[in-house]
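Breakdown of the fold
As a plain string of letters, each chain reads:
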Amino acid sequence: MRRATVLGAGVAGLCVAAELAARGCEVTVLDPAPAPGPHGCSWWAGGMLAPFCEGETAEEPVVRLGRQAADWWQAQGATVERRGTLVVTPGRDRRELDRFARRVEGCERLDADGVAALEPDLAGRFDRGLLVRGEAHLDPRAALAGLRARLEGEGVRFVAGRGAGRGPGRPEGTVFDCRGLAARDVLADLRGVKGEMVVLRSAELRLSRPVRLLHPRFPLYVVPRDGGLFMLGATQIESEDRRRSVRAALELLSAAYALHPAFAEAELVEHGADARPAFPDNLPRLRRQGDTILVNGLFRHGFLLAPALAAQAVQAACDGSRPELMDEDHA
Amino acid sequence: MEVYGTAVASRLMLGTAQYPSPQVLAEAFRRSGAGIATVSVRRESGGEKAGAAFWELARGLGVAILPNTAGCHSVKEAVTTAHMARELFDTPWIKLEVIGHADTLQPDPFGLVEAARILVEDGFQVFPYTTEDVVLADRLLSAGCEVLMPWGAPIGTGLGLTNVYGLRTLRAQFPDVPMVVDAGLGLPSQAAQAMEMGFDAVLLNTAVAKAGDPAAMADGFARAVEAGRLAFEADPMEPRDMAAPSTPVIGKAFLE
């Protein structure tokens, strides 16, 4: 394959472009916006590369294919922190921890000292916890911007503006449609699952790894970012509404307060909402429609599964094979 | 069993929240044989039909839809949500929840009766989520409810039937009213227990949705509900203290 066009410059599109460029392909990426930003749902991601924790509810391929993600992003030049995931619960919900440990492979049990040794700022707050090794996190916005800049440097052409891809500048070669929820016009079984997130800034608290707070009503994860920032995520509602809701803010902030009361003094930097593209089994998919390969359905696993999905998409285009995530022919 | 003049094929009803994916939800329904699906209107909405994709999916389950007012803490909220539900699903059925206590999600008995009265007057067929209180049950029936949904335990706890005496009394006081034990069930044995006591059906959600294998758990509950109902209809024996051999011992050659 000599030439290819990628529709969409979110995490899926950039990963596909990177895989194509790595094979010496001449790539054009079309996206209405000139840079990564709030228009795309990758912008709102947590950036956890946590295949084992996700396996609590996700299907087996998520755990298996997600394991490649940390290495892949690091190889692209992203800053990947590999410190595992800490899982804790409020005192009266501690049986949630047992259930989680049963369903997630490789959990290491911690007592109060163990929690404090990993995250000194949580000392005395939790008398037990779980450490899931082999998991990592990154800053998704920095990763998107960094990957895009690197691809531009390597000669990948980015074309912005509404109508990009139509008329005279129409796509050349094989087309990879990575438009996320916007691809509903060709994917009838794609739906949006609403998620909301909050970013706080606190000079008082330090966390060195993502922390998951298990709670029967308000599960929460907190991902530390540079500059004293903390990303709180994420709600999950069967809706395509994109409004930021008071309810989600209340839930996320209350849960953060339960994790550590110092969050009450933090600065509220951002509150975002978007809809994740998902298929009925919440697993990503490739589909062939004529000369186009549809790459979609990353749900809440964009940064985790886009590398594996992109590799499979490019492989299918190159040798005509039908990789694991490729559906039967939809041409 | 019949509710509001409609025959319901299965005595198991399932909620549609908290499943790992819509596909797992559909598979759980298939294995459960459930005849009614409850759908939360308030939480999945957001106006402008933002939840349409999920509601379409619920309709696609091929079972009757019982919309609910989950998450409503006042009469006004519950009534508004009920009207929204009637428009969305084109059904007069509404599972009425008016929550009175944030921690236990216990029904607000006063608000429940008031909301039920308003909705019945508006032409709704109300399925009230209630406690096992017989006085409250009486008031709900007077308000025009023809079905009662007493809790087994607080929503999502999986504690089973925490007040067996209360539930037994309720069942005995209103033997002809269809009653569905709703909420608090965690295991099939607890569903079987409710059915053995003569309740007409059970409704659950978390126990199936949050199981490691929701479809298998749905199957387990379906069998338990059937077993419990069979036992009730078979008129079970009374427990007694003195052992009674099932084969007569008199006439045997030796009795040690």
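Here, residues in each chain are numbered from 1, in the same order as that chain's written sequence. All chains are assigned letters beginning at A, and all ligands numbers beginning at 1, according to the order in which they are written. Per-residue local features of the predicted model are confined to residues with pLDDT of at least 70, and side-chain atom pairs are confined, for both listing and counting, to 80 or more; whole-chain, interface and lining totals are unaffected and use all residues. In computing side-chain properties, one takes all heavy atoms of the structure into account and sets aside hydrogens as well as water.

Glancing now at the overall build of chain A. Across its full length, chain A holds nine helices and 16 strands. Overall size of chain A, expressed as C-alpha extent along the three principal axes, is 65 × 35 × 35 Å. Under the scheme applied here, a residue whose accessible area is under 20% of the maximum for its type counts as buried, over 50% as exposed, and between as partly exposed, the area being computed with a 1.4 Å probe on protein chains only. Every one of the 331 residues in chain A was classed for burial, and the buried ones make up 56%. Pairs of residues are marked as contacts when any of their non-hydrogen atoms sit within 4.5 Å. Taking the intrachain contacts of chain A between residues at least 6 apart in sequence as the baseline, contacts between residues at least 24 apart amount to 74%. Surface exposure of chain A reaches about 14,100 Å², of which carbon and sulfur atoms provide 48%. Charge centroids of chain A, computed over 44 positive and 45 negative side chains, lie 2 Å from each other. Every helix listed is a DSSP run of H or I at least four residues long, and every strand listed is a run of E at least two residues long, numbered separately from the N terminus. In this description, accessible areas are obtained by the Shrake-Rupley approach with a 1.4 Å probe, and a residue is regarded as covered only by the protein chains that are shown. Charge convention: Lys and Arg are scored as positive, Asp and Glu as negative, and His as well as the terminal groups of each chain are ignored. In plain terms, the charge of a residue is placed at NZ if it is Lys, CZ if Arg, CG if Asp and CD if Glu.

For the rest of this paragraph, the subject is the nonpolar core. Take the buried Ala, Val, Leu, Ile, Met, Phe, Trp, Tyr and Cys residues and link them wherever side-chain atoms come within 4.5 Å; each set so joined is a nonpolar core. By size, the foremost hydrophobic cluster in this structure holds 76 residues, and its most contacted members are Y19, F29, L96, V126, V202 and L204 of chain B. Per-element accounting of this core gives the leading share, six residues, to helix α3 (residues 75–89) of chain B. With residues near it in sequence (within four places) discarded, V202 of chain B still touches R11, L12, M13, V180, V181, L185, A191, A194, M195 and V225 of chain B. Grouped together as the second largest cluster of nonpolar side chains are 52 residues, V6, V27, L144 and L304 of chain A included.

Let's shift gears to the pattern of salt bridges. When a carboxyl oxygen of Asp or Glu is within 4 Å of a side-chain nitrogen of Lys or Arg, the pair counts as a salt bridge. Evaluated as defined, the whole model comprises 39 salt bridges over all chains. For R287 of chain A, the salt bridge goes to D189 of chain A, with nearest N and O atoms at 2.9 Å. Taken together, the residues R287 of chain A in strand β15 (residues 285–289) and D189 of chain A in the loop between β9 (174–177) and β10 (191–201) connect sequence positions 98 residues apart. You can call R287 of chain A buried: its relative accessible area is 7%. The class for D189 of chain A is partly exposed, based on a relative accessible area of 28%. The salt bridge involving R30 of chain B is made with E27 of chain B; its shortest N-O contact spans 3.0 Å. Linking R30 of chain B with E27 of chain B, this pair stays in helix α1 (residues 22–32), spanning three residues, or about one helical turn. Here R30 of chain B falls in the exposed class, since its relative accessible area comes to 57%.

All names here are of chain A. Its domain assignment divides chain A into domain 1 (3–47 + 139–187 + 280–330) and domain 2 (85–133 + 191–278). Those domain boundaries reflect an automatic or database domain assignment. If you average the C-alpha positions of domain 1 and of domain 2, the two centres end up 29 Å apart. Between domain 1 and domain 2, the contact holds 21 residues from the first and 20 residues from the second. Once two parts are brought into contact, the accessible area they lose, counted with a 1.4 Å probe and summed over both, makes up the buried area. Here domain 1 and domain 2 share an interface that buries about 1,700 Å² over both sides, 53% of which is from carbon and sulfur atoms. The largest contributions to the domain 1 side of the interface with domain 2 come from W44, L181 and F299, which together make up 38% of the buried area. At the boundary of domain 1 with domain 2, the tally comes to two salt bridges. R184 is the salt-bridge partner of E240, the closest N and O atoms lying 2.4 Å from each other. In the analysis that follows, any N or O atom pair within 3.5 Å is treated as a polar contact, provided that within protein one partner can donate a hydrogen and the other can accept it, and provided that, for residues neighboring in sequence, both atoms belong to side chains. At the boundary of domain 1 with domain 2, the tally comes to eight residue pairs in polar contact (both at pLDDT 80 or more). As a working rule, the residues Ala, Val, Leu, Ile, Met, Phe, Trp, Tyr, Cys and Pro are called nonpolar, Asp, Glu, Lys and Arg charged, and the rest polar, with Gly in that last group. Class assignment of the residues belonging to the side of domain 1 that touches domain 2 gives a composition of ten nonpolar, seven polar and four charged.

Next up on the list: the sheet that holds β15 of chain A. Residue and element names in this part refer to chain A. Pairing between two strands is assigned when DSSP locates at least 2 bridges connecting them. The strand order across the open sheet built from six strands is β8-β2-β1-β9-β16-β15, with neighbouring strands paired in mixed fashion. Strands at the two margins of the open sheet, each flanked by one partner only, are β8 (157–160) and β15. Put simply, the sheet's adjacent strands are angled 20° from each other on average, direction ignored. Its contacts with the sheet put helix α1 (residues 11–22) on β1 (3–7), β2 (26–31), β8, β9 and β16 (292–296), and the angle it makes with β1 is roughly 170°. Angles run from 0 to 180 degrees between N-to-C directions of axes, and those axes are lines fitted to C-alpha atoms, restricted for helices to the stretch in contact. Its contacts with the sheet place helix α9 (residues 302–319) against β9, β15 and β16, and it is angled at close to 170° to β16.

Once that is clear, we can look at the confidence of the model for chain B. The predictor reports its confidence for every residue as pLDDT, a score running from 0 up to 100. Looking at chain B as a whole, its pLDDT mean stands at 90, while 93% of the residues score no less than 70. At the level of chain-chain contacts, confidence expressed as ipTM amounts to 0.77, with global pTM at 0.85.

Turning next to helix α9 (residues 214–233) of chain B. All names here are of chain B. The span one expects for a helix is its residue count, reduced by one, times 1.5 Å. Look at α9: 29 Å from first C-alpha to last across 20 residues, which is about the 28 Å you get at 1.5 Å a residue. Inspection of α9 places P214, A215, A218, D219, F221, A222, A224, V225, G228 and R229 among the buried residues, and these make up the whole buried set. Next to the buried residues of α9 lie β3 (12–15), α1, α7 (188–196), β10 (201–204) and α8 (206–209).

This part covers the sheet that holds β10 of chain A. Residues and elements named next belong to chain A. The strand order across the open sheet formed by eight strands is β5-β6-β4-β11-β12-β13-β10-β14, and the pairing between neighbours is mixed. Since the sheet does not close on itself, it has two edges, and those belong to β5 (107–111) and β14 (267–278), each with one partner. Put simply, the sheet's adjacent strands are angled 25° from each other on average, direction ignored. Of the pairings in the sheet, the one linking β10 to β14 comprises eleven bridges and is antiparallel in character. Following the sheet pairing, V193 is matched in β14 by R276. Relative to the sheet, helix α5 (residues 94–103) contacts β4 (85–88), β5 and β6 (128–132), its axis offset from that of β6 by approximately 25°.

Residues and elements named next belong to chain B. Even without a glycine there, the phi angle at D90 is positive, about 55°. A positive phi angle, near 55°, is found at L105, a position not held by glycine. Relative to the helices and strands, L105 resides in the loop between β6 (93–96) and α4 (109–121).

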